[in-house]
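Listed below are the residues making up each chain.
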Amino acid sequence: MAPVQEKKLLGAAGAPDTLENTIEDEEGQNLWSSILSEVSTRSLSKLPSGKNILVFGEDGSGKTTIMAKLQGAEHNKNGRGLEFLYLIVHDEDRDDQTRCNVWILDGDLYHKGLLKFAASAESLTDTLAVFVADMSRPWTIMESIQKWASVLREHIDKLKIVPEEMRRLEQELVKHFQEYVELEEASQGSPQRRAPPVSGTEDEEVVLPLGENVLTHNLGIPVLVVCTKCDAVSVLEKEHDYREEHFDFIQSHIRRFCLQYGAALIYTSVKEEKNLDLLYKYIVHKMYGFQFTTPALVVEKDAVFIPSGWDNEKKIAILHENFTTVKPEDAFEDFIVKPPVRKLVHDKEVAAEDEQVFLMKQQSLLAKQPATPTRANDSPARAPTGSPRPSSRSGPANVASVSPMTAVKKPDPNLKGAAANEGVLANFFNSLLSKKTGSPGSPSAGGVQSSAKKAGQKPVLTDVQAELDRMTRKPDSMSANDTSPTENED
C-alpha cells in the first residue's frame with residue numbers, strides 16, 4: 001500500500017506544476033499571436049505606393065520651382081515636355097516612408113498628349129491634380145486654370161473609364177466634400193494617419209446637400225489650386241495701383257472656380273517661404289489620409305488657404321461687401337486688365353564693320369567730292385609773284401586731287417581752320433619781300449594782294465597789309481605809306 005500512497009502523493013504534488021506549464025504555454029501563444037497581429041496590421045497600414053500628382057500651369061508660373069522646394073531640392077533647370085519628380089513621404093509613428101510621384105506638364109499645349117504616361121485609367125484613383133496660377137500676372141489666372149482644367153477633363157474622357165467606376169469616383173469626391181469637418185485644435189505632435197471611417201450609421205450623419213454651383217464640374221479626382229509668387233502683391237499695389245478691391249475680386253473668382261471643381265485653394269510664395277509647409281501637409285493629407293487640422297485662412301490677402309469642403313457662396317459673398325467700383329458678376333478680364341506693354345527703347349546693336357571696308361567706303365566718298373578745287377586753281381595765280389610759298393602748295397593740292405586718302409592723313413593747310421596760321425606765314429614772307437624791294441607799293445606786293453582777293457582771303461590779306469605798313473613805315477616816308485593802303489583798297 002505504501003507505493004500507492006507515494007504515487008498519490010506524487011500526483012498531488014505535481015498538479016501545480018502542470019498548471020504552471022499550461023499558463024506559460026498560453027502566454028507564449030498570446031505573445032506569438034500579438035506579434036503576428038502587429039506584423040499583419042503593419043503590413044496593412046503601410047503607406048501605399050504609386051500615388052501621383054499632376055501639376056499644370058503656364059511657363060514661368062513657378063510650378064517646377066515650388067515642387068522642387070517641397071522635395072527639398074533647389075531648382076535650377078527648366079525641363080521640357082513632361083518633368084518627373086518625387087516627394088519622400090514619412091510616417092514617423094510607424095517608421096515608414098514611401099515615394100509620391102510628381103508629373104509636371106509643360107506650359108505648351110503641344111505636349112498635352114504626354115499625359116497618357118502620367119495618368120492612366122488604373123492610376124486615376126490615386127491621382128491629385130494641381131493647377132498653378134501666377135499671382136505676379138493676375139490677369140492670366142482665370143484663363144490659365146480654366147484652360148488646364150479643360151485639358152485634364154479632355155484627358156480623363158479619353159481614358160474611357162467604365163461609367164460605373166467613374167460614377168463611384170465622382171460620388172466619393174462629393175462625399176469627401178460634404179463630410180469636411182474643421183477640427184478646433186491641431187495636434188502638436190508628429191502627423192498621424194487618420195483612422196479609416198467606420199461604416200454604418202456615421203456615414204449618414206449630418207450630410208449637407210451640395211449648394212448651388214458646387215461640384216458642377218466633377219473630375220472624379222481631388223483638385224488643388226496653388227497661387228504662386230504671392231509676394232508680388234506689394235509690387236502690384238505700387239506699380240499697377242491695385243487696391244483691396246482688386247485682390248478681393250481676384251479671390252472671389254478663384255473661389256468660385258474651386259467650388260465648381262470641389263478644389264482647395266492656397267496662396268504660396270517660395271521667395272518668402274510662405275505656406276510651403278502647409279501645402280505639403282495638405283497634399284499628404286489628401287493623398288495618404290494624414291491628420292490635418294489647420295483651419296481656413298482668409299484674413300491675409302497674400303496667404304489665403306481654403307480647404308476643400310469649407311467654402312460656399314455665402315462665404316464668398318463676404319468679399320463682395322467691399323466692392324465699390326465693380327460688381328461681383330462682372331467679367332474677370334474687364335476689371336483685371338492686362339497693363340499695356342511698355343515699349344522699351346533699346347538701341348539696336350550695330351555690328352561694327354571691318355576696318356578695311358570702312359576705309360574703302362570713306363575713300364570712295366572722298367573721291368566723289370571735289371578735293372580743294374579753289375586752292376588748286378589759285379596756286380598758278382600766285383606763281384608770278386616770285387614767292388616760294390605758292391609753288392610749294394601746288395604739290396600737295398595736286399596729290400590731294402589724285403589720292404583722297406593722302407589728304408585725309410595730311411590735312412591741307414589752306415583749309416578754313418588753318419586761316420590764322422596762313423596769315424602768320426604770309427606776314428613773314430611778305431615782310432621779307434618788302435624789305436628786299438624797299439617799297440610797300442611794289443607790283444609784287446600788289447600782285448599778292450590781288451591774287452589773295454580773288455581767292456576770297458580779303459580779311460586775312462588786309463591784316464597782312466597792315467602788318468607790312470607797320471614794318472615798312474619810316475619817318476621820312478610817312479606820306480607815301482598813308483596813301484598806299486587806300487589805293488590798294490580801292
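Residues numbered from 1 in each chain as written. Predicted model: local features only at pLDDT ≥ 70, side-chain atom pairs only at ≥ 80, totals over all residues. Heavy atoms only, no water.

(A) Quick look at the sheet that holds strand β6 (residues 264-267). One open sheet holds the 7 strands; their spatial order is β2-β3-β1-β4-β5-β6-β7, and the pairing between them is mixed. Only two strands of the sheet have a single neighbouring strand rather than two, namely β2 (82-91) and β7 (305-306). Examined bridge by bridge, strand β1 (residues 51-56) and strand β3 (residues 96-105) share 5 bridges and lie parallel to one another. In the strand pairing of β3, V55 is matched with I104. (Pairing = 2+ DSSP bridges. Helix = DSSP H or I, 4+ residues; strand = E, 2+ residues; numbered from the N terminus.)

(B) Geometry of the nonpolar core. Formed by 53 residues in total, the largest nonpolar core has its most connected members in F131, L152, I254 and L265. Of the residues forming this core, the biggest block, 8 residues, is contributed by helix α3 (residues 141-158). If sequence neighbours within four positions are ignored, L265 has contacts with L224, V225, C227, I254, R255, C258, V304, F305 and I306. L85, V130, Y288 and F292 belong to the second largest nonpolar core, which has 30 residues in total. (Core = buried A, V, L, I, M, F, W, Y, C linked by side-chain atoms within 4.5 Å. Buried < 20%, exposed > 50% of the residue type's maximum accessible area, 1.4 Å probe, protein only. Contact = heavy atoms within 4.5 Å.)

(C) View of the packing of aromatic side chains. Inspection of the entire model under this criterion finds 12 aromatic pairs. A ring pair is formed by F84 and W103, whose centres lie 4.8 Å apart and whose planes are at 55°; its orientation type is tilted. Taken together, the positions of F84 in strand β2 and W103 in strand β3 put the pair 19 residues apart, joining distant regions of the chain. Taking relative accessible area as the criterion, W103 reaches 18% and is therefore assigned buried. Ring geometry for F257 and Y261: centres 4.7 Å apart, planes at 35°, overall tilted. In this pair, F257 and Y261 both sit in helix α6 (residues 244-261), 4 residues apart, roughly one turn of the helix. Of the two residues, F257 and Y261, both sit in the buried class. (Phe/Tyr/Trp six-rings, centres within 6.5 Å; stacked < 30°, edge-to-face > 60°.)

(D) Highlighting the pairing of β6. Burial along β6 is two-sided: the residues A264 and I266 and L265 and Y267 are all buried. As paired strands, strand β5 (residues 223-228) and β6 are joined by 4 bridges and run parallel to one another. Along β6, the bridge assignment pairs L224 with A264. Examined bridge by bridge, β6 and β7 share 2 bridges and lie antiparallel to one another. By the bridge assignment for β7, L265 is matched with I306.

(E) Looking closely at the environment of F290. Residue placement: F290 occurs in the loop between α7 (276-288) and β7. What makes F290 buried here is its relative accessible area of 2%. In sequence terms F290 and D91 are 199 residues apart; their C-alpha atoms lie 8.8 Å from each other.

(F) Geometry of the packing of helix α2 (residues 63-71) against α7. Relative to each other, α2 and α7 sit at 80°, their axes nearing to 10 Å. On the basis of their axis angle, the class for α2 and α7 is roughly perpendicular. Listed contacts from α7 to I66, K69 and L70 of α2 are L276, L279, Y280 and I283. Classifying every residue of the contact of α2 with α7 by side-chain character gives 6 nonpolar, no polar and 1 charged. (Axes fitted to C-alpha atoms, helices over the stretch in contact; angles between N-to-C directions. Parallel < 35°, antiparallel > 145°, perpendicular 65-115°, else oblique. Nonpolar A, V, L, I, M, F, W, Y, C, P; charged D, E, K, R; others polar.)

(G) Layout of helix α8 (residues 313-320). Of all the positions in α8, only I316, L319 and H320 are classed as buried. Down the axis of α8, the buried side of the element spans an arc of 110°, and every buried residue falls inside it. Opposite its buried face, α8 presents the exposed residues K314 and I318, each directed more than 90 degrees away. On the buried face of α8, the contacting elements are α6. Between the side-chain oxygen at the start of α8 and the backbone nitrogen of K314 there is a gap of 3.1 Å, and the oxygen is on N312. (Arc of directions from axis to C-beta. Polar contact = N/O pair within 3.5 Å; in protein donor to acceptor, adjacent residues only side chain to side chain.)

Interpretation in functional terms is not warranted from these geometric data alone.
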